[in-house]
Amino acid sequence: GAVVSQHPSWVICKSGTSVKIECRSLDFQATTMFWYRQFPKQSLMLMATSNEGSKATYEQGVEKDKFLINHASLTLSTLTVTSAHPEDSSFYICSARWAGEKLFFGSGTQLSVL
Amino acid sequence: ILNVEQSPQSLHVQEGDSTNFTCSFPSSNFYALHWYRWETAKSPEALFVMTLNGDEKKKGRISATLNTKEGYSYLYIKGSQPEDSATYLCACLNQAGTALIFGKGTTLSVSS
């Protein structure tokens, strides 16, 4: 099966700093990757669809200037949380499609903003 | 906005018990339904992708059914084992058919 690697797994940062999360497809090319966020006891909420070589498509209510997505290659998408604040503390997880409709997920990143 | 509901939120069964949980979704503009298993500290893993009304899929002791006319899918686990303990996620394709919208999941705990 396809493997998606996500780093870091856990990050703690000060309020006002920026945090970059990487999502890599290790053994396949992913033209599209998806970024989700999950708050405690809530469902995975789609934040944006990342398309290789073009601008990401953001879901309603997600600030594109705050959550910068870059998908510069077929194997790497990054999510940068700019000027992070405590309310951005959440679990962020990426996924990619390969060989059909199934999604393959990274292991997620737990972000804590102090 | 597509709303995917799962029930129960959590359940606890004994080893050997069979169990099932439900995923409900709007029956209009249905494209596809996915089931994923998410074990603690691991990545969600795809179980089934279902598209046609009446679909039934099976993977070992786990099976799923789909009723698109009434907007629900059932996931069944026969003879639960401790290794089945996980959160089971249901997701449907959004109206644009471009992304998956997830339910909150059902967390299953199996005691030996």
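Residues numbered from 1 in each chain as written. Chains lettered and ligands numbered in written order. Predicted model: local features only at pLDDT ≥ 70, side-chain atom pairs only at ≥ 80, totals over all residues. Heavy atoms only, no water.

What to know about empty space enclosed by the protein
All names here are of chain B.
And then number 1: Tallying each qualifying case throughout the model produces one cavity of 30 Å³ or more.
And then number 2: Forming the walls of the largest cavity are L2, F25, P26, S28, N29, F30, C92 and L93.
And then number 3: For the lining of the largest cavity, a count of residues per class yields six nonpolar, two polar and no charged. (1 Å grid on protein atoms, 1.4 Å probe; cavity = no way out; pocket = protein on both sides within 12 Å on 5 of 7 lines; lining within 4 Å. Points joined across faces, edges and corners; volume = space filled by probe spheres on them. Nonpolar A, V, L, I, M, F, W, Y, C, P; charged D, E, K, R; others polar.)

Overview of the environment of A:E59
Residue and element names in this part refer to chain A.
And then number 1: When you line up the elements, E59 lands in the loop between strand 6 (57-58) and strand 7 (67-73).
And then number 2: Taking the relative accessible area as the measure of exposure, E59 reaches 27% and is therefore partly exposed.
And then number 3: Taking C-alpha positions, E59 is 5.5 Å from M47, a pair spaced twelve residues apart along the chain.
And then number 4: Leave out the neighbours within four places in its chain, and E59 touches L46, M47 and A48. (Helix = DSSP H or I, 4+ residues; strand = E, 2+ residues; numbered from the N terminus. Buried < 20%, exposed > 50% of the residue type's maximum accessible area, 1.4 Å probe, protein only. Contact = heavy atoms within 4.5 Å.)

Considerations on the packing of aromatic side chains
And then number 1: According to the stated counting rule, one finds eleven aromatic pairs over all chains in the structure shown.
And then number 2: Centroid distance A:Y36 to A:F105: 6.3 Å. Interplanar angle 45°. Geometry classified as tilted. Of this pair, A:Y36 sits in strand 4 (residues 32-38) while A:F105 sits in strand 10 (residues 103-105), placing them 69 residues apart in sequence.
And then number 3: Here A:F105 and B:Y36 contribute two aromatic rings whose centre-to-centre distance is 5.5 Å and whose plane-to-plane angle is 85°, an arrangement assigned as edge-to-face. Of this pair, A:F105 sits in strand 10 while B:Y36 sits in strand 4 (residues 33-38), which puts the two residues in different chains. (Phe/Tyr/Trp six-rings, centres within 6.5 Å; stacked < 30°, edge-to-face > 60°.)

Considerations on the sheet that holds strand 7 of chain A
All names here are of chain A.
And then number 1: Read from one edge to the other, the open sheet built from four strands follows the order 1-3-8-7, with strand pairing classed as antiparallel. Of all the strands in the sheet, the pair left with one neighbour each is strand 1 (4-7) and strand 7. Strand-to-strand, the axes of this sheet are offset by a mean angle of 15°, without reference to chain direction.
And then number 2: Pairing analysis gives four bridges linking strand 1 to strand 3 (residues 19-25), with the strands arranged antiparallel. Across the sheet, residue H7 finds its bridge partner in strand 3, namely E22. (Pairing = 2+ DSSP bridges. Axes fitted to C-alpha atoms, helices over the stretch in contact; angles between N-to-C directions.)

Quick look at the pairing of strand 4 of chain B
All names here are of chain B.
And then number 1: Taking burial as the measure, the six residues of strand 4 include six buried ones, the bulk of the element.
And then number 2: A two-sided burial pattern is seen for strand 4, the buried positions comprising L33, W35 and R37 on one face and H34, Y36 and W38 on the other.
And then number 3: Connecting strand 4 to the next strand, strand 5 (residues 45-50), in antiparallel fashion are six residues, including A41 with a positive phi near 65°.
And then number 4: Inspection of the sheet shows strand 4 paired to strand 9 (residues 86-93) by six bridges, in the antiparallel sense. Bridge pairing in strand 9 places H34 opposite A91.

Some details on the pairing of strand 8 (residues 72-77) of chain B
Residue and element names in this part refer to chain B.
And then number 1: By the alternation rule, side chains of strand 8 split into S73, L75 and I77, which are all buried, and Y72, Y74 and Y76, of which none is buried.
And then number 2: In the sheet, strand 3 (residues 19-24) pairs with strand 8 via six bridges, with the strands oriented antiparallel. Bridging from a neighbouring strand, T22 pairs with Y74 of strand 8.
And then number 3: With six bridges connecting them, strand 7 (residues 62-67) and strand 8 associate as antiparallel partners. Counterpart to I62 in the pairing with strand 8 is I77.
And then number 4: Hairpin connection, strand 7 to strand 8: the antiparallel pair is bridged by four residues, and G71 has positive phi, about 75°.

A closer look at the pattern of salt bridges
Residue and element names in this part refer to chain B.
And then number 1: In this structure the tally under the stated criterion is six salt bridges over all chains.
And then number 2: Taking the shortest distance from any N to any O, the salt bridge between D84 and R61 comes out at 2.8 Å. Residue D84 is found in the loop between strand 8 and strand 9, and its partner R61 is found in the loop between strand 6 (56-59) and strand 7; the two are separated by 23 residues along the sequence.
And then number 3: Each member of the salt-bridge network shares a partner with another, and the members are R37, E45 and K59. (Salt bridge = Lys/Arg side-chain N within 4 Å of Asp/Glu carboxyl O.)

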